[in-house]
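# Overview (structure and organization)
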Amino acid sequence: MSIRILIVDDHQILLDSLSLLIASIPDMEVIGTLYDSRKVPDFLENNEIDVLISDMNMPYLTGIDLTLKLRNQYPSLKILMLTVNDEAENIRHAFQAGISGYVTKKANRAELERALTTIARGEKYFSEAVLKELLTPVSMNTTSTEEVQAEPKALTLRELEIVKLIAQELSSSQIAERLFISVGTVENHRHNILQKLGVKNTIGIIKYAIKYRLI
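Residues numbered from 1 in each chain as written. Predicted model: local features only at pLDDT ≥ 70, side-chain atom pairs only at ≥ 80, totals over all residues. Heavy atoms only, no water.

- The name that an unreviewed UniProt entry assigns to the protein chain is Response regulator, with the source organism given as Emticicia soli.

### Points about the layout of surface pockets
- One number sums up the size of the largest pocket: a volume of about 550 Å³.
- Lining the largest pocket are 23 residues, and of these Arg114, Thr118, Tyr125, Glu161 and Leu179 sit closest to its centre.
- For the lining of the largest pocket, the elements supplying multiple residues, two or more each, are α5 (109-120), β6 (125-126), α6 (128-134), α7 (157-167) and α8 (172-179).
- No other element matches α7, which puts five residues into the lining of the largest pocket. (1 Å grid on protein atoms, 1.4 Å probe; cavity = no way out; pocket = protein on both sides within 12 Å on 5 of 7 lines; lining within 4 Å. Points joined across faces, edges and corners; volume = space filled by probe spheres on them. Helix = DSSP H or I, 4+ residues; strand = E, 2+ residues; numbered from the N terminus.)

### Considering the packing of α7 against helix α9 (residues 183-197)
- At a closest axis distance of 10 Å, the pairing of α7 and α9 adopts a crossing angle of 95 degrees. Of the possible angle classes, the one that applies to α7 and α9 is roughly perpendicular. Between α7 and α9, the contacting residues are Arg158, Glu159, Ile162, Val163 and Ile166 on the first element and His189, Arg190, Asn192, Ile193 and Lys196 on the second.
- Along the lines of polarity and charge, the residues of the contact of α7 with α9 split into four nonpolar, two polar and four charged. (Axes fitted to C-alpha atoms, helices over the stretch in contact; angles between N-to-C directions. Parallel < 35°, antiparallel > 145°, perpendicular 65-115°, else oblique. Contact = heavy atoms within 4.5 Å. Nonpolar A, V, L, I, M, F, W, Y, C, P; charged D, E, K, R; others polar.)

### Quick look at the packing of aromatic side chains
- Counted by the stated rule, this structure contains zero aromatic pairs.
- Looking at arginine 38, its charged tip hangs above the ring of tyrosine 60, at a distance of 3.4 Å from the centre.
- We note lysine 164 situated over the ring of tyrosine 125; from NZ or CZ to the ring centre the distance is 5.9 Å. (Phe/Tyr/Trp six-rings, centres within 6.5 Å; stacked < 30°, edge-to-face > 60°. Lys NZ or Arg CZ within 6 Å of the ring centre and 35° of its normal.)

### Let's talk about the nonpolar core
- Among the nonpolar cores identified, the biggest contains 26 residues, and Leu6, Val40, Leu44, Leu52, Leu70, Leu77 and Tyr102 are the most heavily contacted of them.
- For this core, the secondary structure elements donating two or more residues are β1 (3-8), α2 (40-46), α3 (63-71), β4 (78-83) and α4 (88-97).
- If you tally residues by element for this core, the top one is α4, at four residues.
- Among residues more than four places away in sequence, those in contact with valine 40 are Leu6, Val8, Leu34, Leu52, Leu66 and Leu70.
- If you look at the next biggest cluster of nonpolar residues, it comprises 19 residues, including Ile3, Ile7, Leu18 and Leu82. (Core = buried A, V, L, I, M, F, W, Y, C linked by side-chain atoms within 4.5 Å. Buried < 20%, exposed > 50% of the residue type's maximum accessible area, 1.4 Å probe, protein only.)

### Concerning α4
- For α4, the set of buried residues is Ala88, Ile91, Arg92, Ala94, Phe95 and Ala97.
- Of the residues trailing α4, glycine 98 is marked for its positive phi of about 125 degrees.

### Observations concerning the pairing of strand β3 (residues 51-54)
- Here β3 shows a buried face lined by Val51 and Ile53 and a second buried face lined by Leu52 and Ser54.
- Alignment of β1 against β3, held across four bridges, turns out to be parallel. Bridging from a neighbouring strand, isoleucine 5 pairs with valine 51 of β3.
- Examined bridge by bridge, β3 and β4 share four bridges and lie parallel to one another. When the bridges of β4 are listed, leucine 52 appears paired with isoleucine 79.
- Note on the crossover from β3 through α3 to β4: the handedness is right-handed. (Pairing = 2+ DSSP bridges. Right-handed = clockwise from strand over helix to strand, strands pointing away.)

### Re the sheet that holds β3
- Taken in spatial order, the six strands line up as β2-β1-β3-β4-β5-β6 in an open sheet, and their pairing is parallel. In this open sheet, the two strands that pair with only one neighbour each are β2 (28-34) and β6.
- Across six bridges, β1 lies against β2 in parallel orientation. Paired with isoleucine 5 across the strands is valine 30, a residue of β2.

### Observations regarding the environment of leucine 18
- With respect to the helices and strands, the residue leucine 18 is situated in helix α1 (residues 12-23).
- For leucine 18, a relative accessible area of 8% gives the class buried.
- Remark: the alpha-carbon pair of leucine 18 and isoleucine 7, spanning 11 residues in sequence, is separated by 8.3 Å.
- Among residues more than four places away in sequence, those in contact with leucine 18 are Ile7, Ile53, Leu82 and Leu112.

### Quick notes on the environment of isoleucine 5
- Checked against the element boundaries, isoleucine 5 lands in strand β1.
- Judged by relative accessible area, isoleucine 5 falls into the buried class, the value being 0%.
- Those residues in contact with isoleucine 5, other than ones at most four positions away along the chain, are Ile22, Met28, Glu29, Val30, Ile31, Gly32, Ile49, Val51, Ile53 and Leu116.

Rendered as structure tokens:
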């Protein structure tokens, strides 16, 4: 069954080009496109959608505002933020609002397909660029009322991928299948992650993922 997609962006040329791109991906169907984010709720009342692709910065309702508006009424709707905005604070706010994935507009066709497929099956998706931004050390120029967190440990991008999958309660064999690597390689990564984070078990890894908002 095809993944049914609605795209909302205030640039018509992007709506047109993105629709053509997604049409070239197997098992995906663009049901509609909207340049006015205020029209999304009415569209959803009359059409069944699996994934909403939304820009971040739009007139009237931003991508975050739109997500907050839709979350309670459409809890099963998966929302992918596709935007030029790659600032860590905005990324965190978007996930806190309830999006399922975040990809920058620098992404190619393969990454967009991977993102859509991942969130359609109920998982979170972070692009590689987003992961790098999230792991940028927190600025020390915080106000006195803010808690200054320690800098995240220097995990590799592959280790970060595995941390996310562990936090989603996937087994080593499931992770190996997802990432096209051997179970032994997963176990080696798991061991290195435990050593780097200074934790003893999966619970410690999940606490790390929550602390740095990777899930």
